Amino acid sequence: QVQLVESGGGLVEPGSSLTLSCTAYGFTFALWTMHWYRQAPGKEREFVASISRTGETINYGDSVKGRFTITRDNAKESLYLQMNRLKSEDRAVYYCTRTKDTYGSDLWGKGTLVTVSS
């Protein structure tokens, strides 16, 4: 079955760090641009970061720029999001998704919950 599975979410204090993972199943991971999105309660889905197939092109949303780092390991068919200096505003369900060429997202994971609280 073709799917994306996020992991690594949890409860963390403000100022701490957390690393999320997204593992691909059933397709050739290296052929797809990968993205992280998040959705907080009562808010619309927000772009977090993206990374091209080779990792040469990376983009971040303004709210996370300078604090989060997106990486990928094609050999392990995995996507990562290193989150540093977490704020209460970062609390959300984090999702990974894929795109290819000019086509939009056609596959999403079920998400992993990140809670930032003291």
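Before any of the text, the structure's been laid out above.
Computed from a prediction, not measured in an experiment: that's the story for all the values here. Counting restarts for each chain, with residues numbered from 1 along the sequence as it is written. The model is predicted, so local features are restricted to residues of pLDDT at least 70 and side-chain atom pairs to those at 80 or more, both for listing and for counting; the totals for chains, interfaces and linings are taken over all residues. Values shown for side chains rest on all heavy atoms present in the structure; no hydrogens or waters enter the calculation.

Undergrad: I'm lost on the state of the cysteines in this one. Help?
TA: Two cysteines whose sulfur atoms are joined by a covalent bond form what is called a disulfide. Only a pair of cysteine sulfur atoms within 2.5 Å counts as a disulfide in this structure description. In this structure the tally under the stated criterion is one disulfide. Note that Cys22 is cross-linked by a disulfide to Cys96, the S-S spacing being 1.9 Å. Taking the torsion about the sulfur-sulfur bond, which here is approximately 60 degrees, the covalent link between Cys22 and Cys96 counts as right-handed. Of this pair, Cys22 sits in strand β3 (residues 18-25) while Cys96 sits in strand β9 (residues 92-99); the two residues are 74 residues apart in sequence, bridging distant segments of the chain. Judged by relative accessible area, which is 0%, Cys22 ranks as buried. Here a strand is any run of E in DSSP of at least two residues, a helix any run of H or I of at least four, and the numbering for each starts at the N terminus. We call a residue buried when its accessible area falls under 20% of the maximum for its residue type, exposed when it is over 50%, and partly exposed in between, using a 1.4 Å probe and counting protein chains only.

Undergrad: So what exactly am I meant to see when it comes to the nonpolar core here?
TA: Across soluble globular proteins, nonpolar side chains have a tendency to be buried as a group. By nonpolar core is meant a set of buried Ala, Val, Leu, Ile, Met, Phe, Trp, Tyr and Cys residues that side-chain atoms within 4.5 Å join together. Core analysis: the largest hydrophobic core is formed by 28 residues, its most contacted members being Trp36, Leu79, Leu81, Met83 and Tyr94. Counting residues per element, the ones that place at least two in this core are β3, β4 (33-39), β5 (46-51), β7 (68-73), β8 (78-83), β9 and β10 (112-116). Per element, the largest residue contribution to this core is four residues, and it comes from β3.

Undergrad: Explain the sheet that holds β3 here, please?
TA: At least two bridges found by DSSP between two strands are what make those strands a pair. Here we have four strands laid out as an open sheet, ordered β1-β3-β8-β7, and antiparallel in their pairing. Only two strands of the sheet have a single neighbouring strand rather than two, namely β1 (3-7) and β7. Here the strands of the sheet are splayed against their neighbours by 15 degrees on average, with no regard to which way each runs. Across six bridges, the pairing between β3 and β8 is antiparallel. Within β8, the residue paired with Thr19 across the bridge is Gln82. All axes are obtained by fitting lines to C-alpha atoms, using only the stretch in contact for helices, and the reported angles, taken between N-to-C directions, cover 0 to 180 degrees.

Undergrad: Hey, could you run me through unusual backbone geometry in this one?
TA: Excluding glycine, a negative phi dihedral is what most residues carry, and trans is how most peptide bonds are arranged. Although it is not a glycine, Arg85 adopts a positive phi angle of roughly 50 degrees. Its location among the elements puts Arg85 in the loop between β8 and β9. Residue Asp101 is not a glycine yet carries a positive backbone phi of 55 degrees. Locating Asp101 in the fold gives a position in the loop between β9 and β10.

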